Amino acid sequence: MRDYIIRRLLILPLIMIGVSFLTFAVFRFIPGNACVLDQGFGATDETVAACQKAHGLDRAWYVQYVDWLDGIPQGDFGTSLTESDQPVKEELKHRLPITLELMFLTLAFAIILGIPPGILSAVRSSSPLDYSSRFMSVLMLSIPNFYLGILIITFASSWVGWTPPQFELSYVSFLDDPLTNLEMFIPPAFVLGVGIAAILMRLTRSAMLEVMRNDYIRTAWSKGLRERTVVWRHALKNAMIPVVTVLGLQIGALIGGAVLIESVFALNGVGKYVLEAIIRRDYFVVQTMVLLFAFVYVIANLLVDIAYAWLDPRIHYG
Amino acid sequence: MAQEIVAPIVLEEEARAPRPNRLRRALSLARQHPLGAFGLVCVLMLFGAGIFANVVAPYDPLASSYVDNEVGSLVESVSADDTTMIIANPETGIGSVIHIDQEQVRVDFILTESGAEMEVEVIRGANDTIPADHEAGAVFVQPGAVNKLASPSLEHPFGTDRAGRDVLSRTIWGARISLMIGLVSIAVGISFGSLFGIVSGYIGGFVDSSIQRGVDMLLAFPALVLLLAIITVVGDDSSAVRKFLSSSTPVPDGTFWGIPNFLDIFVVSLAIGLAVAVGTARIIRGAVLSLKENVYIEAARSIGASPSRIMRSHIMPNVLALIVILASIFLPVAILAEAAISFLGVGVPEPTPSWGADLSDKNREDALQGYWWPAFFAGFALSLVVLGFNLLGDAFRDISDPRLRGGGSGPPGAGRGGSGI
């Protein structure tokens, strides 16, 4: 197991270099970058050239790439090409906590709203509870999260007079003012979470139904075990394997969702940052963010693999 | 199609009268799976509204509608030769033209003013209209004002947006845009993805591992971020793809099939198609890997069939069913993807009626001011279509695997659209 984890971690830099090189190459294919786009109509050849020079964009492409890679171990990811000239690292310091809190709460919502109803739905199959939670899940699966967000903001403001606090304030940390912080994060996390919860609920239900048909479950019943024991001790762990897989796959969807939801709920997190950077072709920002996402993706999948071994002791990684 | 499949299993007497029988079977299926039937209706509505948008939509989705605003009224009746009149109209000033019935009068002088009522001296029959008698209470109109943000009414069932465009018509035309983008991107994505998947899986070795490492890298991007990157690269005004499309292919640059800026829409579909191709290639490759172990492939190889012939005549037909399934799974995903990027402002440009674009900035601001309808109906249509595909997919699975009624048992990677993207 340990060897396996080490081997997987060794591949990580390779994937990240590949991904970052791909981003680097692709964005240099297209003419125009943030130097030009940010200056707008005021751009002259001289000002653009000065901006390019200041960021080292006048050098050969491989020099630029290696130079950028070289800075990463020291935590230097380059600076934004826009007029703010903000180092990417500084910007991340403000933005990462926002997105991390959003994702943490989203996952909490997804798991709480997804897995227990899925179990109940399978155990009480064909009951009104089953039908209603199945209907809710297919409904939540179908409503795009950004639309749900807009609906909530629109109708909350016109019916209850509530607007998200971040429309007036900037980020408030949980330690400073827990209530405002939660008021900021609960609605977007809920919106993002119900979609994932719907996927988890359906998956948990079908996995549980599958597992509950197994012989060892029949044995457990025939031993006279209580329902709670059969479900929790015998069935659940085995049913969780596909659920954990999909939960790992949802990391990508979670980042995509953050891009959308942060712009709906005016949260200045990483998602909005990468959206703006892609549109303005702010090279170093895009490269860094893609690197970060690839890192998260690989780590999440590694965690999924580790979770398999815990859920099913028969799984070994040689 | 259906006839060939059904015919062998129907008894002879029944086969003689297949029509009512098939109808009855369809009806009983619909009764057993009412949600699936509802899903089918939603999907058919998408196709119907998309294909017949120009017939069904009551108005031009791009044209502003105008309305004669009531701006005041006549307090006392006047005859055709009166030059003073008492009016109730808070906005009248010297020089303004008042439209009463068919006549126009120009305000020349304000004699007295009390509250909203004023006595004015007027020039009758302005702009070559004919002076006439008017009853007390006749209404002044301001003709041709943009009928913006009108709430839903009989005339505009879904209301109008801030440019006075009919929201119902935009919603219907949005179906055509969604359908267009969905189908084009699926065609592009599935064909490229299958090609790479089949070649990668069958040839194996170095070709396989280089294609698959490429796919690995692309899959490490969050789907939406990948899509945004592709669209910035491909969609740029000076991009090679765009230049190639407009100069060397018959893709029209202007309006096509009633869709303005068709080239932009086509580029958006290409970008989505590329993202779809990545997922397709991985899944098809997996299927090909197990397919190629079959004895008949070995037999074909042993009689000297070339790899391209084996892929074309032996592998391809056998993955066709999977390709069709993937297309049906990815269609709503592509529609959602278009909506998401248009919502973020990088997809379909104004003023093309797209559901995603109609959910974005301006309509969202209006929604916060209480004008909820322009954004609401666009999102509602989008949700309904995705719901339709999901319900239909569930029903198909129920029918083919009754053990798992309503559960989600597809391959994890090929998860349904939902809020994924």
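Bear in mind the structure is a predicted one, so any value in this text is a computation, not a measurement.

Trainee: How do you make sense of the overall build of chain A when you look at a structure like this?
Mentor: For chain A, the count of helices and strands is twelve helices and zero strands. Reading chain A from its N end, one meets helices and strands in the order α-α-α-α-α-α-α-α-α-α-α-α. Looking at chain A as a whole, 42% of its 318 residues qualify as buried. A separation of at least 24 residues holds for 73% of the contacts in chain A among residues at least 6 apart in sequence.

Trainee: What exactly am I supposed to notice about the packing of helix H8 (residues 223-235) of chain B against helix H10 (residues 262-291) of chain B here?
Mentor: Residues and elements named next belong to chain B. Packing of H8 against H10 leaves a shortest axis separation of 9 Å and a crossing angle of 140°. Taken as axis vectors, H8 and H10 run oblique relative to one another. For the pair H8 and H10, the crossing hand works out as right-handed. Packed against H8, whose contacting residues are Ala-223, Leu-226, Leu-227, Ile-230, Ile-231, Val-234 and Gly-235, the element H10 presents Val-267, Val-268, Leu-270, Ala-271, Ile-272, Leu-274 and Ala-275 at the interface. Here the contact of H8 with H10 is composed, by residue class, of 13 nonpolar, one polar and no charged.

Trainee: Which parts of the structure should I look at to understand the interface of chain A and chain B?
Mentor: When the parts of a complex come together, some accessible area is lost, and that lost area is often used as the size of the interface. Taken residue by residue, the interface counts 54 residues in chain A and 49 residues in chain B. At the level of elements, helix H1 (2-29), helix H6 (128-142), helix H7 (145-160), helix H8 (178-212), helix H10 (227-264), helix H11 (270-280) and helix H12 (283-311) of chain A are the ones that each hand at least two residues to the side of chain A that touches chain B. Classifying every residue of the side of chain A that touches chain B by side-chain character gives 37 nonpolar, 13 polar and four charged.

Trainee: It is not clear to me how the domain arrangement of chain B should be interpreted in this structure. Could you clarify?
Mentor: Split into domains, chain B comes out as domain 1 (66-146) and domain 2 (167-400). On a C-alpha basis, the centres of domain 1 of chain B and domain 2 of chain B stand 59 Å from each other.

Trainee: Can you help me understand the pairing of strand S2 (residues 84-88) of chain B in this one?
Mentor: Consecutive side chains of a regular strand alternate in pointing toward one face of the sheet and then the other. All names here are of chain B. Burial of the side chains of S2 is restricted to one face: Met-85 and Ile-87 are buried, whereas none of Thr-84, Ile-86 and Ala-88 on the reverse face is. Summarising the sheet, S2 and strand S5 (residues 117-123) pair through five bridges and their orientation is antiparallel. Within S5, the position partnered with Ala-88 by the bridge is Glu-117.

Quick notes on the rules
Residues numbered from 1 in each chain as written. Chains lettered and ligands numbered in written order. Predicted model: local features only at pLDDT ≥ 70, side-chain atom pairs only at ≥ 80, totals over all residues. Helix = DSSP H or I, 4+ residues; strand = E, 2+ residues; numbered from the N terminus. Buried ≥ 20, exposed ≤ 12 C-beta atoms within 10 Å, placed from the backbone. Contact = placed C-beta atoms within 7 Å. Axes fitted to C-alpha atoms, helices over the stretch in contact; angles between N-to-C directions. Parallel < 35°, antiparallel > 145°, perpendicular 65-115°, else oblique. Left-handed = near helix turned anticlockwise from the far one by under 90°. Nonpolar A, V, L, I, M, F, W, Y, C, P; charged D, E, K, R; others polar. Domains from an automatic or database assignment. Pairing = 2+ DSSP bridges.

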